[in-house]
Amino acid sequence: GDPVVTEVFIRAQKRLGLFVANLINAFDPDAVVIGGGLAERMGEAYVGPIRKLAHETMLIQDGADKVRIVASSNQLCVLVIANAGWRGRKYAEKLG
């Protein structure tokens, strides 16, 4: 492949890995689903490096690998954060 394209691709994966780590640090999700054409077509080859960097750079390392980071398989075009625990806490706060 083209070395410039490869470098841009790797840089984008690194940035996304750091972004995902920051989302995990902020929201404490159970899972992060990465969608879009690249994630769907490349699957693990795309998401694997993102997952590795996200898990390595999370603030709390104990249990970091328990947060699932996966590629979407149904044409999602956005990053989705699945966080049942956070939603449950918010609901409990509303109940008082």
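What you see is a predicted model, and the numbers here were worked out from it, not measured in a lab. (Residues numbered from 1 in each chain as written. Predicted model: local features only at pLDDT ≥ 70, side-chain atom pairs only at ≥ 80, totals over all residues. Heavy atoms only, no water.)

### Looking at the overall build of the protein chain
In terms of helices and strands, the protein chain carries four helices and three strands. When the helices and strands of the protein chain are read in sequence order from the N terminus, they spell out α-β-α-α-β-β-α. Within the protein chain, counting contacts between residues at least 6 apart in sequence, those at least 24 apart form 79% of the total. Counting every atom, the protein chain has about 6500 Å² of accessible surface; 59% of that belongs to carbon and sulfur. (Helix = DSSP H or I, 4+ residues; strand = E, 2+ residues; numbered from the N terminus. Contact = heavy atoms within 4.5 Å. Areas by Shrake-Rupley, 256 points an atom, 1.4 Å probe, with all protein chains shown as cover.)

### Observations regarding the packing of aromatic side chains
By the definition in use, this model includes one aromatic pair. Relative to Tyr46, the ring of Phe9 has its centre 5.6 Å away and its plane inclined at 50°; by these criteria the two rings are tilted. With Phe9 in helix α1 (residues 3-27) and Tyr46 in helix α3 (residues 44-57), the pair connects residues that are 37 residues apart, well separated along the chain. Relative accessible area serves as the criterion here: at 24%, Phe9 is assigned to the partly exposed category. (Phe/Tyr/Trp six-rings, centres within 6.5 Å; stacked < 30°, edge-to-face > 60°. Buried < 20%, exposed > 50% of the residue type's maximum accessible area, 1.4 Å probe, protein only.)

### A closer look at the nonpolar core
Membership of the largest hydrophobic core comes to 15 residues, with the highest contact counts inside it found for Val20, Ile24, Ile34, Tyr46 and Ile69. Listing elements by their share of this core, those giving two or more residues are α1, β1 (31-34) and α3. When sequence neighbours within four positions are dropped, the list of residues in contact with Ile69 reads Val20, Ile24, Val32, Ile34, Val47, Arg51, Ala54 and His55. (Core = buried A, V, L, I, M, F, W, Y, C linked by side-chain atoms within 4.5 Å.)

### Describing the pattern of salt bridges
Evaluated as defined, the whole model comprises three salt bridges. One salt bridge connects Arg51 with Glu44, and the closest N-O pair in it is separated by 2.7 Å. (Salt bridge = Lys/Arg side-chain N within 4 Å of Asp/Glu carboxyl O.)

### Focus: α1
In this model α1 runs 36 Å from its N-terminal to its C-terminal C-alpha over 25 residues, within 8% of the 36 Å that 1.5 Å per residue would give. Backbone nitrogen of Val4 and a side-chain oxygen of the N-cap are separated by 2.8 Å at the start of α1; the cap is Asp2. Immediately beyond the C-terminal end of α1, within one or two residues, lies Asp28, with a positive phi of roughly 50°. (Expected span 1.5 Å × (residues − 1). Polar contact = N/O pair within 3.5 Å; in protein donor to acceptor, adjacent residues only side chain to side chain.)

### A word on the confidence of the model for the protein chain
Summarising the model, the protein chain shows a mean pLDDT of 81, and 76% of its residues fall at 70 or more. Model confidence for the protein chain, summarised as mean pLDDT per element, is weakest for strand β3 (residues 79-82) at 48 and strongest for α3 at 95. (pLDDT = per-residue confidence, 0-100.)

### Section: the packing of α1 against α3
Here α1 crosses α3 at 45°, and the two axes come no closer than 8 Å. With respect to their mutual orientation, α1 and α3 come out oblique. Crossing hand, α1 versus α3: right-handed. Touching Phe9, Gln13, Lys14, Leu16, Gly17, Leu18, Val20, Ala21 and Asn25 of α1 are Ala45, Tyr46, Pro49, Ile50, Leu53, Ala54 and Thr57, all from α3. Here the contact of α1 with α3 is built from residues that sort into eleven nonpolar, four polar and one charged. (Axes fitted to C-alpha atoms, helices over the stretch in contact; angles between N-to-C directions. Parallel < 35°, antiparallel > 145°, perpendicular 65-115°, else oblique. Left-handed = near helix turned anticlockwise from the far one by under 90°. Nonpolar A, V, L, I, M, F, W, Y, C, P; charged D, E, K, R; others polar.)

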